[in-house]
Amino acid sequence: MDERIVVTRAVPEPALELLRAAGEVRVCEQDRPLTPDELRAAVAGAHGIVAMVHDRIDAEVVRAAGPGLRVVANVAVGYDNIDVPAVTGAGAAVTNTPGVLTDATADLAMGLLLMATRRLGEGERLLRARQPWNFHLGFMLGTGLRDKTLGIVGLGGIGQAVARRARAFGMRIAYTGRNRVDERIADELDARYLPMAELLRTSDVVSLHCPLTERTRHLVDAAALAAMKPSAVLINTARGPVVDERALATALREGTIAAAGLDVFENEPEVEPGLLELDNVVVVPHLGSATTETRTAMAELAARNVAAVLGGGEPVTPVGG
């Protein structure tokens, strides 16, 4: 079997079994992201690459792989880490893993929303620090969700799943994005389309579910934060650079908005230090898809994409060039 498949970081065994049936598999053993030099060396001669979200697959990596490269399978929904034209221009397919992580990410978004609005992280830190406390009616008051407006930026699959969960909490749904969703979906969710400026101005919670593009980089900047309600909460489970982290830290510190819940960061694994000093922000380390079932399903889908292409077929979930 001549096909050589490089997996840039360990993946669950069921995915490796699928890959082994399609070619000779090399898994990079390091427990960290590869450096650019290491990545180029690792993929030399590869016909298939299974990449992680932290791997920058650019023209240099494509050249390092060589003319035999036929598929790059990203173990993520977003693919801003891949230079799609460079890969497809070399005659290889690019794939991602949509759908399988929708529920896990939506659950995480709701978890962040509840933590931020009910001050759960702050409360746990108080107890773990063994600080004195006693119950009274004004102690650590948060805010409820019923009849509040959730403004969703990007009402795709994950955004819709968040909306369904939020409706169970009695929230009203508004959304914005490049395109309006199908009327049947809007009717099901009772979701109102609003321009971005109005959504920021009127929402009690703004939850980001848009892809990272040049248009959405720092979409939430100082001006956007200033347009939000002082009582508003920002949730980001999309991509870190959609938010200007320094501007967010300033806004949270000065009371421009009330709180934030973040699963993703501009320069992962680094976090803006100003955010870590604040009690009104919840931070978790990119856990949106972090369930055993979901991460396994993501890796298996990536493996099926590689197997399909190397077997002479069409990719299961292709990304357009």
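Fair warning: this is a prediction, and the values are worked out from it, not measured in the lab. (Residues numbered from 1 in each chain as written. Predicted model: local features only at pLDDT ≥ 70, side-chain atom pairs only at ≥ 80, totals over all residues. Heavy atoms only, no water.)

Draft legend 1. Quick peek at the nonpolar core. Counting 51 residues, the largest nonpolar core has Leu-19, Val-50, Leu-113, Leu-150, Leu-155 and Val-306 as the members making the most contacts within it. Apart from residues no more than four positions distant in its own chain, Leu-113 is found in contact with Leu-145, Leu-150, Met-171, Val-205 and Ile-235. Counting 30 residues, the second-largest nonpolar core is a separate cluster that includes Val-153, Leu-200, Leu-252 and Leu-262. (Core = buried A, V, L, I, M, F, W, Y, C linked by side-chain atoms within 4.5 Å. Buried < 20%, exposed > 50% of the residue type's maximum accessible area, 1.4 Å probe, protein only. Contact = heavy atoms within 4.5 Å.)

Draft legend 2. Seen up close, helix H5 (residues 102-118). If you check H5, its first and last C-alpha atoms are 24 Å apart, about what 17 residues at 1.5 Å a residue would give, namely 24 Å. Among all positions of H5, only Thr-102, Ala-104, Thr-105, Ala-106, Leu-108, Ala-109, Met-110, Leu-112, Leu-113, Ala-116 and Thr-117 are buried. At the exit of H5 stands Arg-119, carrying a positive phi of roughly 60°. (Helix = DSSP H or I, 4+ residues; strand = E, 2+ residues; numbered from the N terminus. Expected span 1.5 Å × (residues − 1).)

Draft legend 3. Summary view of the pairing of strand S9 (residues 205-208). Burial along S9 is two-sided: the residues Val-205 and Ser-207 and Val-206 and Leu-208 are all buried. The pairing of S9 with strand S10 (residues 233-236) spans four bridges and is classified as parallel. Paired with Val-205 across the strands is Val-233, a residue of S10. Chirality of the crossover, the property in question, places the unit of S9, helix H10 (residues 222-227) and S10 among those that are right-handed. (Pairing = 2+ DSSP bridges. Right-handed = clockwise from strand over helix to strand, strands pointing away.)

Draft legend 4. Seen up close, the pairing of strand S2 (residues 24-27). One ladder, built from four bridges, connects strand S1 (residues 4-7) with S2; its direction is parallel. Note on S2: the bridge partner recorded for Ile-5 is Val-25. Taken together, S1, helix H1 (residues 13-20) and S2 constitute a β-α-β crossover, and its handedness is right-handed.

Draft legend 5. Representation of the side chain of Thr-176 in the model. Relative to the helices and strands, Thr-176 is located in strand S7 (residues 172-176). On the basis of relative accessible area, Thr-176 is assigned to the buried category, the value being 6%. Reaching out from Thr-176, the side chain makes a polar contact with the backbone oxygen of Leu-194 at a distance of 2.8 Å. Engagement of the side chain of Thr-176 in a polar contact is seen with the backbone nitrogen of Met-196, the distance being 3.4 Å. Those residues within four positions of Thr-176 in sequence are excluded, and the remaining contacts are Ile-152, Val-153, Gly-154, Leu-155, Tyr-193, Leu-194, Pro-195, Met-196 and Leu-199. (Polar contact = N/O pair within 3.5 Å; in protein donor to acceptor, adjacent residues only side chain to side chain.)

Draft legend 6. Inspection of the sheet that holds strand S6 (residues 149-153) at higher detail. Ordered by their spatial adjacency, seven strands build an open sheet running S8-S7-S6-S9-S10-S11-S12, and the pairing between neighbours is parallel. Strands at the two margins of the open sheet, each flanked by one partner only, are strand S8 (191-193) and strand S12 (281-283). Each adjacent strand pair in this sheet contributes to an overall mean axis angle of 20°, direction not counted. Where S6 and S7 come together, five bridges link them in parallel fashion. When the bridges of S7 are listed, Val-153 appears paired with Thr-176. Against the sheet, helix H7 (residues 157-168) makes contact with S6 and S7, and its axis sits at roughly 175° relative to S6, the strand it touches most. Against the sheet, helix H11 (residues 245-254) makes contact with S10, strand S11 (259-262) and S12, and its axis sits at roughly 145° relative to S11, the strand it touches most. (Axes fitted to C-alpha atoms, helices over the stretch in contact; angles between N-to-C directions.)

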